[in-house]
Amino acid sequence: MHVGADYHSIAGGPRADLTGQANLEYNLRHGVRHISAEVRKIGPDGAWDPDELKRAKDNCDKAGVVFEAIRMDSEYIMLRNGPERDRRLDAIAGNIEKASQVGVKYISHHWTVIPIRRNTRVKGRGGVTYDAFKLEDNWKDLPVGAAGRVSSDDYWERIAYFLHKVIPVCKQYDVKMAAHPYDPPGLPFGYQGAENWDSPSVFEGFKRYESIVDSPYNGFQLCLGTTAEGLKNPATEVLPIVKYLGERGKIHQVHMRNIRGGLYNFAEVFPDEGEMDFLKIMRILRDVQFAGSILPDHMPTHPDDPGRLQAYAFGYGYINALIHAVNSEV
């Protein structure tokens, strides 16, 4: 396993390229040699620009960085049964082939029919700000999302249709698909019109999702912070989830985000100060022989660190130290 970096923090200015020289050198300075990118040039049907992918690959190769993964948009899950959805799936199949041509091994995605929910902020150590969420007393009165009302049956039909169409293509081109849980999980059914796939139980959601097409190419971008947001006691309840998915080879990437709190009431904090003991989690990942990237995620903000480069540098060092620590035990 190794530390990785993605689109959450990019050095070089507000419009900098993730695989540009400034960002690659920033990551290399902090021990990061594996990159997960987003594609900027996307066709109307969701098709990726092969020239953009090739430039990213060439930039990474020149710097000695592995172009490991790509984050896919979530437009598919917004679409109901029909020709537009099938066109989107055809484009996704083509994107899988394009990813394989530049050596990318993972495509991650975030199935959201309503936006990620944060509704407050709290102050933290050294004057930082933590993004936070507390379930609203009037949540039933919140407006329905842009996708309209999506029942649990609708959601699972879309997921199953996707997996049955896409996972065989992933196997053909040796590219693994990594699903990120909805953030936050466990929301009550009907929240903004949605019955999310990882509600009411995030663990049961993981089990159902990976069982639809039981393949090593169907797995997860396991966001520990998101998972913890759906648990009443994250410190203990997250460990069997990591063990279950790890033993089945269904963890393709890890987002190492910590929280303070739990189900319906949490704040995103630094990795060393939340509910979860990441040393325990890293030992599980080591023992199941997880071999992918572990990425810092949703780090706190500070006026002196508008791009969160300081915060993510701390995250990279923290993860690297944990990797060395658990590997030194064997």
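Quick caveat, the model's predicted, so the values are computed rather than measured.

Description of the nonpolar core
Line of reasoning, step 1. If you look at the biggest cluster of nonpolar residues, it comprises 95 residues, and the most contacted ones within it are W111, F162, W197 and L224.
Line of reasoning, step 2. Considering every element that reaches this core, the biggest residue donor is helix α5 (residues 152–173), with nine residues.
Line of reasoning, step 3. Setting aside its immediate chain neighbours within four residues, L224 contacts V238, V242, V254, H255, M256, R257, M276, F278 and I281.

Digging into the side chain of R158
Line of reasoning, step 1. Topologically, R158 is positioned in helix α5.
Line of reasoning, step 2. It turns out R158 is buried and unbridged, and the closest side chain with the opposite charge, D154, is 5.0 Å from it.
Line of reasoning, step 3. Residues in contact with R158, not counting those within four places in the same chain, are Y76, I77, M78, L79, R80, R85, V113 and V150.

Observations regarding the pattern of salt bridges
Line of reasoning, step 1. Going through the model one piece at a time under the given rule, you end up with 27 salt bridges.
Line of reasoning, step 2. Between D272 and R125 there is a salt bridge, with its nearest N and O atoms 3.1 Å apart. Of this pair, D272 sits in the loop between β11 (265–269) and α9 (278–287) while R125 is found in the loop between β5 (120–123) and β6 (129–134), placing the two residues 147 residues apart along the sequence.
Line of reasoning, step 3. Across the salt bridge formed by D297 and R257, the nearest N and O atoms sit 2.8 Å from each other. Note that D297 is positioned in the loop between β12 (293–296) and α10 (309–327) and R257 in the loop between β9 (251–256) and β10 (258–262), a separation of 40 residues in sequence.
Line of reasoning, step 4. Overall, the relative accessible area of 1% leaves D297 in the buried class.
Line of reasoning, step 5. For R257, a relative accessible area of 1% puts it in the buried group.
Line of reasoning, step 6. When salt bridges that share partners are traced, they join R118, D183, E229, R257, E268 and D297 into one network.

Definitions and cut-offs
Residues numbered from 1 in each chain as written. Predicted model: local features only at pLDDT ≥ 70, side-chain atom pairs only at ≥ 80, totals over all residues. Heavy atoms only, no water. Core = buried A, V, L, I, M, F, W, Y, C linked by side-chain atoms within 4.5 Å. Buried < 20%, exposed > 50% of the residue type's maximum accessible area, 1.4 Å probe, protein only. Helix = DSSP H or I, 4+ residues; strand = E, 2+ residues; numbered from the N terminus. Contact = heavy atoms within 4.5 Å. Lys, Arg positive; Asp, Glu negative; His and termini not counted. Salt bridge = Lys/Arg side-chain N within 4 Å of Asp/Glu carboxyl O.

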